[in-house]
Amino acid sequence: MKKLIYIVMLLPFFGCSNFLDEVDQDKLVPEKTDQFAALLLKEFNAEYPIFRTVDYMTDNMIEDPKALSSAKNSMKTTFTWQREIEIDEEGNQLSTINDAWQKMYEDVAIANYVLNLIDGADGTQEEKDFIKGEAYFIRAMSYFNLVNLYGQPYNSATANAELGVPLREGIGVEVSYSRNTVAECYAFIESDLTNAKQLIQKSGLVKSKWHPSSASCDLLMSRVKLYQAKWDETISNANAVIAKAGLSRMTANVPFITAGNSEVLYSYYTVAPLMKLISSGFGTPTVAYTVAEYYANKELINLYDANDNRKDSFFKAFDDGTGRFYYRTKKYEPNYFTSMGYANFRVAEAYLNRAEAYAQKGDVANAINDIKALQASRYSNVSGIVYPTDPQEVLKYVLTERRKELCFEDHHRWFDLRRMKNRPEIKHVFSLVGDDGRKIGTETYTLFSDDKNYTLPIPLKERENNPIIRNNERYEKIPSIDNVIIIN
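Residues numbered from 1 in each chain as written. Predicted model: local features only at pLDDT ≥ 70, side-chain atom pairs only at ≥ 80, totals over all residues. Heavy atoms only, no water.

(A) Expanded view of the overall build of the protein. When you go through the protein residue by residue, the secondary structure sums to 16 helices and 11 strands. Relative to the globule expectation of 23 Å for 488 residues, the C-alpha radius of gyration of the protein, 23 Å, shows essentially globular dimensions. Dimensions of the protein, computed from C-alpha atoms along their principal axes, come out at roughly 75 × 55 × 55 Å. Each of the 488 residues in the protein was classed as buried or not, and the buried ones make up 56%. Surface summary for the protein: the accessible area is close to 20600 Å², and the carbon and sulfur share equals 50%. The protein carries 57 positive and 66 negative side-chain charges, and their two centres are separated by 2 Å. (Helix = DSSP H or I, 4+ residues; strand = E, 2+ residues; numbered from the N terminus. Rg over C-alpha atoms; globule rule 2.2 N^0.38 Å. Buried < 20%, exposed > 50% of the residue type's maximum accessible area, 1.4 Å probe, protein only. Areas by Shrake-Rupley, 256 points an atom, 1.4 Å probe, with all protein chains shown as cover. Lys, Arg positive; Asp, Glu negative; His and termini not counted. Charge placed at Lys NZ, Arg CZ, Asp CG, Glu CD.)

Here it is, written out as structure tokens:
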């Protein structure tokens, strides 16, 4: 309750986020339906609890080899997949690097609070049904993120035994609790999504894109089924999305995520972007860009050909001073890629989910047709594209399109890597550069295909407070080192 009252007391101070303008914020404790709605918007849509260094663990990011080590060290434990990500090389504890667990469970607690008390609120039954549906959706998504960060990847042969995350439905305080299985977590998520869709539809209300819709429920269910390799159910849920909304053409250098774009189903995450591009001067003749110690992997950039508008829509090129370019994502800078939230449910994912399911079933024709439909809205000219015909090459092609489309959004790339049967081996190079700018050497770290470090450790604080919770087994990461000989 202390957390809840604190959140609601803060609501009047967040009027700058325009989705909060939809509700009355004059009460400290929720009594009316619109106050419960405001609580969900503030807790999930504004302060979305993304794992903040998720992209640094993927093959989409590399370091700047010239950047000072002291400037890069705050991300090093996750960039190099250390066994204990909350403790750096000097033994210092990094207090916020693994706080997604706490923040996601706060969202679960708020959703549980709403689900338990909304029926007694002042307001129409239609509003109560919608808010309850929204709470089920938020809880489902919170648990989906938690199990894919801290639980073992789904495997139908082992899901009934392998550990997921604790499932909590009540609003009481539990001193200790154990982890549910992966299968139990996915069943719970599916149940919540089913309830969410039914209640949102029952309400008969259509709200803004700051709120989930029945199509949003279908898309998340399609994703949930995809992660479980339930191909037919993935397809049917993707079909439901595509029947309700279509793709929109992407144009370079124009925000794609807007309230008027019919491809955008749901938008969230509006404060504290992961990667800030502009430091000052926005809207003036001189724009000051932030310094980047890490940036997009050139291997990712090279996947976009000259006719693919996504390259210019998603990335900004910078000259490193030698005539060579490096790239940084625009997806976390307002009014570049998005004029709404930094994370979004888009119809494009439905096509990608369905294409992958078709490819996994060996239905090459339908898989390629879905990719063609997506590319027709992303390319300036598709006439030169050559499509594979071999089933394995088609699957590879679909997964590459998924990487290109969903890069630097939410947890997509990390979650996709975790669930792959044939994960790539990823190498991250960390250059040792002194504060005087001199390079001392390089360390190379490897995340292996079958690596246990694809699953994050349970936070230290959680392990200290809850001694019965089991941690995830992870490897120590020892680098190969190349020293630089400096001659004075």
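(B) Layout of the packing of aromatic side chains. Within this structure, the stated rule accounts for 33 aromatic pairs. Members of the aromatic cluster, each reached through a chain of ring pairs, are F44, Y48, F137, Y266, Y268, Y269, Y332, Y342 and F345. Looking at K76, its charged tip hangs above the ring of F430, at a distance of 4.3 Å from the centre. Positioned above the aromatic ring of F318 is the side chain of K316, whose terminal nitrogen or guanidinium carbon lies 5.7 Å from the ring centre. (Phe/Tyr/Trp six-rings, centres within 6.5 Å; stacked < 30°, edge-to-face > 60°. Lys NZ or Arg CZ within 6 Å of the ring centre and 35° of its normal.)

(C) Just the environment of R324, in detail. Relative to the helices and strands, R324 is located in the loop between β6 (315–319) and β7 (325–329). Other than its neighbours up to four places away in sequence, R324 contacts F318 and D319. At 3.2 Å, the side chain of R324 forms a polar contact with the side chain of T322. (Contact = heavy atoms within 4.5 Å. Polar contact = N/O pair within 3.5 Å; in protein donor to acceptor, adjacent residues only side chain to side chain.)

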